[in-house]
Amino acid sequence: MTTHHSITVTTKTWLTMVSGLALCASGFAYAEPQTQGENTFGIEEIMVTARKRTERLQDAPVSVTAITSVDMANRSLADISSIADFTPNLEFSSSAPIGGAGNAAIVFMRGIGQTDLIITTDPGVGMFLDGVYIGRSVGGVFDIMDFERVEVLRGPQGTLFGKNTIGGAISITSTKPSNDFNGRAQVTLGSRDRIDVNGMLNIPIIDEKLMVRAAVANTDQDGYAERVSDGKLLGDRNSTSGRGMLRWLPNDNLEVLLSADGFRQRTDGPAISLGYANPAAQIASLYNAFVAPQYGTQFDERWITADPLKNYGTGPAFSDTDVWGVAATVTWDLQDASIKSITSYRDMKSAFGRDADGSPMPYIETIDRMGQDQFSQELQFSGVAFNDRLNWLWGVYYFQENAWNDTNVNLAVGLFDALESLPGPLFPGGPGGMGNPINVSLDLQMFNTLNVKNKSYATFAQ
């Protein structure tokens, strides 16, 4: 855990500023002051939308943990994956052990999840931003930036949240623009040259009718695992995020929200080190006999470092991600019913590489490039009946995505050429010798291209 100092400047009105210096502890929580200058401590009433209607957390008959903006500020969270530190039954990592992406929502809820980032697999826990489903794991770790709350729903949520929520769902709600002119700026300093900067500005344009809110965040921190060969510090953080929202209230019964968000990350990749090596394995032994000598060494246990935060890798180590999205949410409140429309489009591009062998030789290396765009449309009809004894909800949903994934896998690079150069087979029926078909089975340099087109239709009711 990083111990850091937080310097916060908050503007409650345009002309009044309050600044402070504090050491933040993860277990400290309080209710947000109701008025400027008044410190009120107590239990805050939390409203959630776990059942796609606004209700008190105490009244929601589902297993849900709600993390408010105050909770996130008190714990100085940098990105959404940090909520796992204080949420029961939740594991949330920003990188997968079998991939090289530094921004991938690897989520497990009650032991159910998915670690494979390939685009032909879907996550086991759904991620939602302002009601919009995030179709891919890569690019799903959002910086903490002006969120009103994060709801963690445990257990299958297929009835109301749809596919890929067999383990649960994580629903993120942004803070809506308000009729107050205010802003906030915060700088966080910490170990490993950490400098996080974020800010928010809320501007009413037409009183009680039209208002806008914008937030930005930049995180920068050196890594904690060193590559001895080139001094790269893996596990670093370097990202910039932005979000803007326009709120229009043409009358008392109609609300229109237009939002846009973007995220850009450039890092040296997640921390990785070699934990086990078996030089007696078939491919490893052939590689050590015919390829490794040109490097003056062998692939074996010598590359397992005593310090797990060091490795001897020389291959690719990077993780770049660009994500953006736009959404329009229209809510029309009738006397005993409500109609909501959520329309969205999102785009993701990512490239990442890793040196999985942790040695100076090109024994196991992967490079992935992927992209995805998605469009979704949801209509919700809800209301009450029989003197408020019946709460009903019915909806229809459409989702479409196009995705691609190019993967370079380099395993035992040079082994095929070495076997082809031999005068004959190593033993009867074995590899070796020009044109030997067995050599082909040991040509383990692969390039895979995947293209996916998905269309989903659904109707749901409760």
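As the structure is a prediction and not an experimental result, all values here were calculated from the model. (Residues numbered from 1 in each chain as written. Predicted model: local features only at pLDDT ≥ 70, side-chain atom pairs only at ≥ 80, totals over all residues. Heavy atoms only, no water.)

Q: Sorry if this is basic, but what is going on with the overall build of the protein here?
A: Tallying secondary structure elements over the protein gives five helices and 25 strands in all. Seen through its principal axes, the protein has C-alpha atoms that stretch 85 × 50 × 35 Å. Classification of the 462 residues of the protein by burial places 47% in the buried group. A separation of at least 24 residues holds for 64% of the contacts in the protein among residues at least 6 apart in sequence. Only carbon and sulfur atoms are counted for the fraction: they give 57% of the accessible area of the protein, which is about 22100 Å². (Helix = DSSP H or I, 4+ residues; strand = E, 2+ residues; numbered from the N terminus. Buried < 20%, exposed > 50% of the residue type's maximum accessible area, 1.4 Å probe, protein only. Contact = heavy atoms within 4.5 Å. Areas by Shrake-Rupley, 256 points an atom, 1.4 Å probe, with all protein chains shown as cover.)

Q: In this structure, what is going on with the pattern of salt bridges? I would like to understand it.
A: Pairing between side chains of opposite charge can happen when the charged atoms of each approach one another. Under the defined criterion, the tally for this structure stands at 18 salt bridges. The salt bridge involving D347 is made with K349; its shortest N-O contact spans 3.2 Å. For D347, a relative accessible area of 11% puts it in the buried group. Among the ionic contacts, a cluster of salt bridges with common partners joins D122, R136 and E401. (Salt bridge = Lys/Arg side-chain N within 4 Å of Asp/Glu carboxyl O.)

Q: How should I be thinking about the pairing of strand β24 (residues 390-411) in this particular structure?
A: Every regular strand shows the same layout, with side chains that alternate between the two sheet faces. Relative to β24, strand β23 (residues 364-385) is paired through 22 bridges, and the arrangement is antiparallel. In the strand pairing of β24, E378 is matched with Y397. When β24 meets strand β25 (residues 445-461), the two strands line up antiparallel, connected through 17 bridges. From the neighbouring strand, N410 faces β25, where its bridge partner is Q445. (Pairing = 2+ DSSP bridges.)

Q: Looking at this structure, I do not really get the environment of I438. What am I missing?
A: Here I438 lies in helix α5 (residues 437-441). Sequence-wise, I438 and A260 are 178 residues apart; in three dimensions their C-alpha atoms are separated by 54 Å.

Q: Just to check I follow, could you spell out the sheet that holds strand β8 (residues 112-113) for this structure?
A: Strands pair in a sheet through their backbones, by hydrogen bonds, and they do so in one of two ways: parallel or antiparallel. Taken together, three strands build an open sheet; the order of strands is β6-β7-β8 and the sheet is antiparallel. Two strands lie at the open edges of the sheet, namely β6 (90-93) and β8, each paired on one side alone. With four bridges connecting them, β6 and strand β7 (residues 106-109) associate as antiparallel partners. Across the sheet, residue F92 finds its bridge partner in β7, namely V107.

Q: Sorry, what's going on with helix α3 (residues 282-290) here?
A: Within an α-helix, residues lying three or four positions from one another point in the same direction, as the helix has 3.6 residues per turn. Taken together, the buried positions of α3 are occupied by A284, L286, Y287 and N288. Buried residues belonging to α3 abut α4 (415-420).

Q: What's the story with a nonpolar patch on the surface in this structure? I'm lost.
A: A cluster of nonpolar side chains, V187, L189, I195 and V197, forms an exposed patch at the surface whose accessible area comes to about 280 Å². Looking at the nonpolar patch, the elements that each hand over two or more residues are β13 (182-190) and β14 (194-206). Relative to the helices and strands, V197 resides in strand β14. For V197, a relative accessible area of 39% translates into the label partly exposed. (Patch = residues over 30% accessible without salt bridge, like charges linked within 9 Å, V, L, I, M, F, W, Y side chains within 5 Å.)

Q: Would you mind going over unusual backbone geometry with me for this structure?
A: Where the residue is not glycine, phi is negative for most of them; where a peptide bond is considered, it is trans in most cases. Even without glycine at this site, R110 takes up a positive phi of about 55°. With respect to the helices and strands, the residue R110 is situated in the loop between β7 and β8. One non-glycine residue with positive phi stands out, namely D130, at about 55°. By the secondary structure assignment, D130 is in the loop between β9 (125-129) and β10 (132-134). The partly exposed category is assigned to D130, whose relative accessible area is 24%.

Q: Which parts of the structure should I look at to understand the confidence of the model for the protein?
A: If pLDDT is low for a region, its predicted coordinates should not be looked at in detail. Across the protein, the average pLDDT comes to 87, with 90% of residues at 70 or higher. This stretch, residues 1-38, has a pLDDT under 50; its non-local contacts, to residues over four places away or in other chains, come to 76 contacts. (pLDDT = per-residue confidence, 0-100.)

Q: Would you mind going over the nonpolar core with me for this structure?
A: It is characteristic of soluble globular proteins that their nonpolar side chains tend to be buried jointly. Counting 23 residues, the largest nonpolar core has I80, I83, F92, I170 and I172 as its most contacted members. Residue assignment for this core shows that the elements contributing at least two residues are β6, β7, β9, β11 (147-154) and β12 (168-174). In this structure I172 touches I80, M127, F128, L129, D130, F142, F147, R149 and V150, once residues within four positions along its chain are discounted. A284, W303, M361 and L442 belong to the second largest nonpolar core, which has 17 residues in total. (Core = buried A, V, L, I, M, F, W, Y, C linked by side-chain atoms within 4.5 Å.)

Q: I'm lost on the pairing of strand β5 (residues 64-68) in this one. Help?
A: With five of five residues buried, β5 is to be regarded as a mostly interior element. Taken together, the five bridges between β5 and β11 define a ladder with antiparallel strand orientation. The residue of β11 that forms the bridge with A66 is E151.

Q: What am I meant to see in the side chain of D196 here?
A: By the secondary structure assignment, D196 is in strand β14. What makes D196 buried here is its relative accessible area of 7%. Engagement of the side chain of D196 in a polar contact is seen with the backbone nitrogen of D220, the distance being 3.5 Å. Those residues in contact with D196 that sit more than four places away from it in its chain are A78, Q186, V187, T188, N218, T219, D220 and R237. (Polar contact = N/O pair within 3.5 Å; in protein donor to acceptor, adjacent residues only side chain to side chain.)

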